[in-house]
Amino acid sequence: MAADPHLLPSPHVNIQASSTPKPVSFPVSKPISPPSASRPRQIPILVQLLILQRILLTNDGRDKILKIVQYSLKTVLWYRAAAAAKNPKADKVISQFSLTRKIIRLNNWANSIAEMDELLRDNLGITKGMTREERARRALVFFGAAVGLVNGLADDVICYGKLGLVGKRWVDLATPLADQCWYITIFIDVYENVQTTAKMNLKLAESTDAQQRRAIKAKIDLQNVSLVKLMADFVFCSVDVFKFGDRGISDGWQAVSGLLSALLGTYKLWVKNRK
């Protein structure tokens, strides 16, 4: 039987080369990733919760969060006071927030003692090459710490009075003293803030490095936030020092300034803890 000519190999075909099978490549399936829109929602929220947890671990952080709640309620009550009578229950709740914050800040004067001790060990940070103005600034820092010590002790007496541990006479003596000491520290902090910001602006003008300029600008922005907070504290404290409340001034001054101070103070803590 004759072979079919169509089944015979062509003389031009290399049988040895064609007998080696070529590797077959299959398309590799890529892992399916979730939509990119969902990632920015999850990761930042988790980070923010961790920052909030870190803030709440400190007495200062708990105080600031409670202060936001306290003065938010006070602002709402002041806003509604024109249309409705005062709510005694709400006032009592706000008073309890105030007492809780005072308890959290008990013995806060110990920080002033530590600061004064550090300054004394370092000779107030004064060196021979310092100008008279720089020496005065260092002495002012020590004076501010001393005033902060008296302020903290007076605040503790007020707290003990609200808890019923000391008599009303001591509370009446400590209340104006605490207000006046806080007022003094506000002026000292404003002066330090302005001086520090001026030095940072000089560094910013002299710097040519882009990364360094960004870092300096961030610090200046935080200084400006601190200055606005101090202005809010100034308004709040002025009402107590000069007894404007007894002269018929609106409660809204302290409600709004207290809320603004709380929000800015919490923001500063937030920036500090997110690094």
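**Student:** Kindly report on the overall build of the protein, identifying the contributing residues and their values.
**Tutor:** When its secondary structure is counted, the protein shows 9 helices and 0 strands. Taken from N to C terminus, the helices and strands of the protein fall in the order α-α-α-α-α-α-α-α-α. Per-residue burial for the protein yields a buried fraction of 29% across its 275 residues. Summarising the internal contacts of the protein: among those between residues at least 6 apart in sequence, 71% fall at separations of at least 24.

**Student:** How would you summarise the side chain of threonine 197 if you had to cite specific residues and measurements?
**Tutor:** Inspection of the secondary structure puts threonine 197 in helix 7 (residues 168-206). We classify threonine 197 as buried; its relative accessible area is 11%. Engagement of the side chain of threonine 197 in a polar contact is seen with the side chain of glutamine 223, the distance being 3.4 Å. Contact partners of threonine 197, with chain neighbours within four places excluded, come to Ile220, Gln223 and Asn224.

**Student:** How would you summarise unusual backbone geometry if you had to cite specific residues and measurements?
**Tutor:** In the Ramachandran plot, asparagine 107 falls in the positive-phi region, its phi being about 65 degrees despite a non-glycine side chain. With respect to the element layout, asparagine 107 can be found in the loop between helix 4 (88-104) and helix 5 (109-121). Overall, the relative accessible area of 44% leaves asparagine 107 in the partly exposed class. One non-glycine residue, lysine 243, adopts positive backbone phi at about 55 degrees. With respect to the helices, strands and loops of the structure, lysine 243 is situated in the loop between helix 8 (210-241) and helix 9 (252-273). Taking relative accessible area as the criterion, lysine 243 reaches 42% and is therefore assigned partly exposed.

**Student:** A description of a nonpolar patch on the surface should follow, citing residues and the corresponding values.
**Tutor:** On the surface, a cluster of nonpolar side chains totalling about 580 Å² of accessible area is made up of Ile103, Leu163, Leu165, Val166, Trp170 and Leu173. Relative to the helices and strands, leucine 173 is located in helix 7.

**Student:** Can you lay out the packing of aromatic side chains for me, pointing to particular residues and giving the numbers?
**Tutor:** All chains considered together, the criterion is met by 7 aromatic pairs. Here the aromatic rings of tyrosine 183 and phenylalanine 187 are separated by 5.3 Å at their centres, their planes lie at 85 degrees, and the arrangement is edge-to-face. Of this pair, tyrosine 183 and phenylalanine 187 both sit in helix 7, separated by 4 residues, roughly a single helical turn. Here tyrosine 183 falls in the buried class, since its relative accessible area comes to 12%. For phenylalanine 187, a relative accessible area of 48% corresponds to the partly exposed category.

**Student:** Break down the pattern of salt bridges for me, with residues and values.
**Tutor:** Considering all chains together, one arrives at 7 salt bridges under this definition. Each member of the salt-bridge network shares a partner with another, and the members are Asp63, Arg101 and Arg105.

**Student:** Describe helix 8, naming the residues involved and giving the relevant values.
**Tutor:** Between its first and last C-alpha atoms helix 8 spans 46 Å; for 32 residues at 1.5 Å apiece the expected length is 46 Å, and the two agree. Lysine 243 sits one or two positions beyond helix 8 and adopts a positive phi of about 55 degrees.

**Student:** Residues and numbers for a positive patch on the surface, please.
**Tutor:** Residues Lys199, Lys203, Lys219, Arg274 and Lys275 make up a contiguous surface patch of positive charge. Of note, arginine 274 is situated in the segment after helix 9. What makes arginine 274 exposed here is its relative accessible area of 51%.

Reading the values: rules and limits
Residues numbered from 1 in each chain as written. Predicted model: local features only at pLDDT ≥ 70, side-chain atom pairs only at ≥ 80, totals over all residues. Heavy atoms only, no water. Helix = DSSP H or I, 4+ residues; strand = E, 2+ residues; numbered from the N terminus. Buried < 20%, exposed > 50% of the residue type's maximum accessible area, 1.4 Å probe, protein only. Contact = heavy atoms within 4.5 Å. Polar contact = N/O pair within 3.5 Å; in protein donor to acceptor, adjacent residues only side chain to side chain. Patch = residues over 30% accessible without salt bridge, like charges linked within 9 Å, V, L, I, M, F, W, Y side chains within 5 Å. Areas by Shrake-Rupley, 256 points an atom, 1.4 Å probe, with all protein chains shown as cover. Salt bridge = Lys/Arg side-chain N within 4 Å of Asp/Glu carboxyl O. Phe/Tyr/Trp six-rings, centres within 6.5 Å; stacked < 30°, edge-to-face > 60°. Expected span 1.5 Å × (residues − 1). Lys, Arg positive; Asp, Glu negative; His and termini not counted. Charge placed at Lys NZ, Arg CZ, Asp CG, Glu CD.

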